[in-house]
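One-letter residues, chain by chain:
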Amino acid sequence: MTTVQAWKTAARLHTLPAAVVPVIVGSALAQSDGVFRWDVFLYALVAALAIQVAANFANDVSDAHRGADTRERVGPPRMVSLGRITAKQMWLGVVVSLLFAVAAGIALALIAGPLILIIGVVSVIAMLAYVGGPFPYGYRGLGEVFVFLFFGVVATVGTRYVFDTTAPLPAWLLSIPIGLLATAILVVNNYRDLDTDRSAGKRTLAVIIGPDRTRTLFVTLVYGAFLLIALFAMLQWTPFPTVFAALIAPYAVGPVRIIYRKSDGPALIRALKMTARLHLWTGLVIAAGVLV
């Protein structure tokens, strides 16, 4: 594996759509309201992607430090634990990524005010504390709460806010299903790593509640998201064409069937990728519905 490949693996490129979707939906809402700006969209996109990459780098090095990522794990390899990238180099990658986020955040703050800087600082602290610091809440079953809040509510509403410093009701409502599907990605990821996390003392929510309840949680998150999309649209609390995103629900059968019938690593990795695609396509259809 080359150095470039090692860094690409550490960046976990397959996770980046989870950061992009709320930015696209929030920006579509801004376009629908007639306040869209390309510069704001690009700054928000850079900030979201930079924080996501920084989070992935920080998780890689923090998990290696705590012994959570071993050679027995069934997921993608972690570069620090395998010795492909040193811990010092990985932390430098975190800093560089955060510098991009800070630059984009300052640009957004000049447009939308200092509240954006506060949101950015809180997001970075939450990201670093996920598996780092004295209270790594990702090890205490709180990772799903973080993902729902920051990859759903904060990212979607925050993106809409930076265009004209308003946060209309549709942004809050649509942030909920987006957050639920993003959380489902983490749930299937932790379900895949349940055994190795338990052995390493990493108490994710999946470890705490066990495999049966984790599967139930996954199904609830996924189908709950599509139910809310349809409900909000039918009540006309969100633009009605967003109801078409609920038609994607049948594609959730694939990952649901896998986590109920399969337990091997490759199958669960496939379920993870399918859930990530489900989240992406749902976000894109929601955005298209908003624009219509």
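For the structure itself, consult the block above.
We now turn to the structure provided with this report. The structure displayed is predicted, hence computed values, not measured ones.

Procedures and definitions
- Residues numbered from 1 in each chain as written.
- Predicted model: local features only at pLDDT ≥ 70, side-chain atom pairs only at ≥ 80, totals over all residues.
- Heavy atoms only, no water.
- Helix = DSSP H or I, 4+ residues; strand = E, 2+ residues; numbered from the N terminus.
- Rg over C-alpha atoms; globule rule 2.2 N^0.38 Å.
- Buried < 20%, exposed > 50% of the residue type's maximum accessible area, 1.4 Å probe, protein only.
- Contact = heavy atoms within 4.5 Å.
- Areas by Shrake-Rupley, 256 points an atom, 1.4 Å probe, with all protein chains shown as cover.
- Lys, Arg positive; Asp, Glu negative; His and termini not counted.
- Charge placed at Lys NZ, Arg CZ, Asp CG, Glu CD.
- Salt bridge = Lys/Arg side-chain N within 4 Å of Asp/Glu carboxyl O.
- Core = buried A, V, L, I, M, F, W, Y, C linked by side-chain atoms within 4.5 Å.
- Phe/Tyr/Trp six-rings, centres within 6.5 Å; stacked < 30°, edge-to-face > 60°.
- Expected span 1.5 Å × (residues − 1).
- Patch = residues over 30% accessible without salt bridge, like charges linked within 9 Å, V, L, I, M, F, W, Y side chains within 5 Å.
- Axes fitted to C-alpha atoms, helices over the stretch in contact; angles between N-to-C directions.
- Parallel < 35°, antiparallel > 145°, perpendicular 65-115°, else oblique.
- Left-handed = near helix turned anticlockwise from the far one by under 90°.
- Nonpolar A, V, L, I, M, F, W, Y, C, P; charged D, E, K, R; others polar.

Topic: the overall build of the chain
- Broken down by element type, the chain carries 12 helices and 0 strands.
- Starting at the N terminus, the α and β elements of the chain follow one another as α-α-α-α-α-α-α-α-α-α-α-α.
- Taking 2.2 N^0.38 as the reference for a compact globule, 292 residues should give roughly 19 Å; the C-alpha atoms of the chain span a radius of gyration of 19 Å, in line with that estimate.
- Its C-alpha atoms put the chain at 50 × 45 × 35 Å along the principal axes.
- Scored against the burial criterion, the 292 residues of the chain give a buried share of 53%.
- For the chain, the share of sequence-separated contacts (at least 6 apart) that also reach a separation of at least 24 residues comes to 74%.
- When the accessible surface of the chain is summed, it comes to about 13,300 Å², and 69% of that surface belongs to carbon and sulfur atoms.
- The chain carries 23 positive and 13 negative side-chain charges, and their two centres are separated by 4 Å.

A closer look at the pattern of salt bridges
- Inspection of every chain in the model, using the stated rule, returns 6 salt bridges.
- The residue Arg37 makes a salt bridge to Asp39 at a minimum N-O spacing of 2.7 Å.
- For Arg37, a relative accessible area of 36% gives the class partly exposed.
- Looking at Asp39, the relative accessible area reads 29%, which means it is partly exposed.
- For Arg192, the salt bridge goes to Asp193, with nearest N and O atoms at 2.9 Å. Accessibility assignment for this pair places Arg192 and Asp193 in one class, buried.
- Salt bridges sharing partners connect three or more residues here, namely Asp33, Arg160 and Asp164.

Some points on the nonpolar core
- Grouped together as the largest cluster of nonpolar side chains are 39 residues, with contacts concentrated most on Val25, Phe218, Val222, Phe226, Ile259, Leu278 and Ile286.
- Looking at this core, the element that brings in the most residues is helix 8 (residues 169–192), giving 10 residues.
- Counting 26 residues, the second largest nonpolar core, distinct from the first, contains Val23, Val40, Leu45 and Leu186.

Things to note about unusual backbone geometry
- Positive phi, normally seen in glycine, also occurs at Arg12, with a value near 50 degrees.
- Of note, Thr165 is a non-glycine position whose phi angle comes to about 55 degrees, a positive value.
- On the secondary structure map, Thr165 appears in the loop between helix 7 (143–164) and helix 8.
- Among the residues examined, Thr165 registers a relative accessible area of 38% and is labelled partly exposed.

Overview of the packing of aromatic side chains
- All told, the structure shown has 8 aromatic pairs when counted by the stated rule.
- Their ring planes at 75 degrees and their centres at 6.2 Å tell us that Phe146 and Phe151 sit as a pair that is edge-to-face. Like Phe151, Phe146 is buried.
- Following the ring pairs from residue to residue traces out a cluster consisting of Phe36, Trp38, Phe41 and Phe163.

Observations regarding the environment of Ala6
- Mapping Ala6 onto the fold places it in helix 1 (residues 3–11).
- On the accessibility criterion, Ala6 (3% relative accessible area) is buried.
- Separated by 74 residues in the primary sequence, Ala6 and Val80 place their C-alpha atoms 9.6 Å from one another.

A word on helix 2 (residues 17–32)
- Helix length check: helix 2, at 16 residues, gives a terminal C-alpha distance of 22 Å against a target of 22 Å (1.5 Å per residue), a fit within 8%.
- The buried count for helix 2 comes to 12 of 16 residues, which makes it a mostly enclosed element.
- Residues Ala18, Ala19, Val20, Val21, Pro22, Val23, Val25, Gly26, Ser27, Ala28, Leu29 and Ala30 constitute the buried set of helix 2.
- Looking at the residues trailing helix 2, positive phi occurs at Gly34, about 80 degrees.

Quick look at a positive patch on the surface
- A cluster of like positive charges, contributed by Arg257, Arg261, Lys262 and Arg270, occupies part of the molecular surface.
- Structurally, the position occupied by Lys262 is in the loop between helix 11 (253–261) and helix 12 (265–291).

Observations concerning the packing of helix 11 against helix 12
- The interhelical angle for the contact between helix 11 and helix 12, taken along N-to-C directions, is 155 degrees, at an axis separation of 9 Å. Considering their axes alone, helix 11 and helix 12 lie roughly antiparallel with respect to each other. As for how helix 11 packs across helix 12, the hand of that crossing is left-handed. Where helix 11 approaches helix 12, its residues Gly254, Pro255, Ile258 and Ile259 are matched on the opposing element by Ala267, Leu268, Arg270, Ala271, Met274 and Thr275.
- For the contact of helix 11 with helix 12, the class distribution of residues is 7 nonpolar, 2 polar and 1 charged.

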